[in-house]
Amino acid sequence: MAEYFKNVLLIGATGDLGQHILSTLLKTTTTHPSQPLTITLLTRSTSTAKFPAHPSIARIHKGDIKDREFLVTAFSGQDMIISAISPYALLDQKLMLSVAAEVGVKRFVVGEFGMDTRDEELTDSVAVFKQNREVLEYAVGVCGGDSKTVGMEYTGVICGAFLEMTLLDGEMGFEFGGREVEIYDSGRKKIEVSRMEDVARATVEICFQPGRYGDQLVYISSFTVSQRDILDALNKVDKKGPWKVVERTTEWLKERGKKRVEEGDMMGLVDEIWAVAFSDGIGEAFSRKRKLVNEEMGIGRGGDEEFIEVIKGIVEEWEAGRRK
Ligand SMILES: NC(=O)c1ccc[n+]([C@@H]2O[C@H](COP(=O)([O-])OP(=O)(O)OC[C@H]3O[C@@H](n4cnc5c(N)ncnc54)[C@H](OP(=O)(O)O)[C@@H]3O)[C@@H](O)[C@H]2O)c1
């Protein structure tokens with residue numbers, strides 16, 4: 001077993017999550033000074049993404065992600081691939097997985113980064129999660145399933161919702177513009193949420209623990225909270241006063257999602273996710289039944305005070321106009 005995965009290729013480095021992973025990879029010159037990484041980036045030929053110049057970034061491959069030959073060239077010589085590819089391109093990972101296994105990549109971190117894909121009741125209920133499961137099943141097959149004959153292993157990082165991004169994007173019922181929240185059902189259903197820097201840290205830590213996390217999903221969570229926990233924290237830190245509450249049901253949200261999709265508004269798919277996430281009896285907070293790897297990856301598991309601090313940071317970010 002390699003001492004660590006030295007040659008790392010990142011897909012989606014300027015995306016919402018990818019930019020956090022890239023900056024965490026670059027910081028390893030300080031966090032893991034005796035284990036230098038050689039970082040390669042992969043970007044679409046149509047992309048307008050701009051990448052930082054950094055001595056650890058050895059190469060940027062720009063090309064057609066559906067072209068096998070392009071992938072063979074980009075993936076050859078890599079120890080680990082991290083896919084932070086857009087949710088709109090999840091299925092493109094199938095070809096990537098095949099090529100990676102073929103050219104001798106040792107670890108493929110698939111684009112999971114969300115809800116628990118092993119929870120079949122949950123993935124069956126939400127259209128977009130079915131693609132995650134399809135890719136996961138493909139990864140299991142490519143990596144040899146039970147009869148391990150290939151050298152590559154897959155890992156998926158399950159982290160629940162990206163806390164900062166979902167709130168600032170007006171998801172989970174919270175609308176920062178109008179300082180209003182739609183509370184679904186009781187608002188007390190607990191879900192897992194993670195700070196994006198924690199998700200990036202867990203992902204990058206896989207490079208330095210090559211003997212662990214192979215052929216499995218790993219579970220991290222920064223906080224286990226309900227909508228009402230988030231609202232309480234917001235009301236403590238938002239200097240503009242208490243948020244307005246509108247009571248809704250998850251059934252109402254599900255119907256709105258359906259209608260939006262019928263009208264061609266893909267935000268309806270997001271409604272569908274939250275309608276299921278906040279319904280009782282499905283998609284239970286995974287920290288209750290899965291082993292979290294927070295501790296072994298050096299990621300804190302936040303308590304109430306830390307949560308309030310994170311929410312304070314999100315309010316400040318909103319006030320500074322950093323997101324829509
Ligand atoms: N847990 C959560 O709350 C949550 C929320 C959102 C996303 N996620 C997950 O996190 C991962 C990354 O998502 P993200 O939101 O960070 O991705 P993103 O910002 O939408 O896209 C990441 C990158 O993917 C590349 N890409 C390849 N094909 C593309 C296509 N057809 N359309 C657009 N971009 C394409 C682009 O890089 P180039 O321009 O360099 O090619 C893009 O910058 C996914 O697995 C997603 O499911 C989780």
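In this text, all values refer to a predicted model and were calculated from it rather than measured experimentally.

(A) Structural view of the sheet that holds strand 10 (residues 191-194). One open sheet accounts for 3 strands, arranged 7-10-12; its pairing is mixed. Both outer strands of the open sheet, strand 7 (161-162) and strand 12 (223-225), are each paired with one neighbouring strand and no more. Pairing analysis gives 2 bridges linking strand 7 to strand 10, with the strands arranged parallel. Looking across to strand 10, one finds that F162 is bridged to S194.

(B) Fine view of the site of the ligand. For the ligand, the set of nearby residues contains 24 residues, the closest of which are L17, T43, R44, S47 and F162. Residue G111 places a main-chain N or O atom 3.5 Å away from an oxygen atom belonging to the ligand. One of the backbone nitrogen or oxygen atoms of F113 is found 2.9 Å away from a nitrogen atom of the ligand. Coverage of the ligand by the protein chains reaches 80% of its 900 Å² of free accessible surface. When contributions to the shell around the ligand are tallied by element, the ones reaching two or more residues are strand 2 (38-44), strand 7 and helix 6 (163-168). Residues belonging to the shell around the ligand are distributed by class as follows: 11 nonpolar, 10 polar and 3 charged.

(C) Inspection of the environment of V204 at higher detail. With respect to the helices and strands, V204 occurs in helix 7 (residues 196-208). The class of V204 is buried, set by a relative accessible area of 3%. Sequence-wise, V204 and I82 are 122 residues apart; in three dimensions their C-alpha atoms are separated by 8.7 Å.

Analysis parameters
Position numbers for residues start from 1 in each chain and track the written sequence from start to end. Reporting in this predicted model follows two pLDDT cut-offs: at least 70 for local features of residues, and 80 or more for side-chain atom pairs to be given and counted; totals over whole chains, interfaces and linings ignore these cut-offs and use all residues. Hydrogens and water are ignored here; the side-chain numbers use all heavy atoms of the structure. Think of it this way: DSSP has to see at least two bridges between two strands before they count as a pair. Secondary structure follows DSSP: runs of H or I at least 4 residues long count as helices, runs of E at least 2 residues long count as strands, and numbering of each begins at the N terminus. Being near a molecule or strand, for a residue, means having at least one of its heavy atoms within 4 Å of it. Within 3.5 Å is the distance limit for a polar contact, defined as a pair of N or O atoms, with the added protein rule that one can donate a hydrogen and the other accept it, and that residues adjacent in sequence qualify only through two side-chain atoms. Methods summary: accessible areas were calculated by the Shrake-Rupley approach with a probe of 1.4 Å, and residue burial reflects only the protein chains presented. Residues are grouped as follows: Ala, Val, Leu, Ile, Met, Phe, Trp, Tyr, Cys and Pro are nonpolar; Asp, Glu, Lys and Arg are charged; every other residue, Gly included, is polar. Throughout this description, buried means an accessible area under 20% of the type-specific maximum (1.4 Å probe, protein chains only), exposed means over 50%, and partly exposed covers the range between.

No statement about biological role is implied by the geometric values presented.
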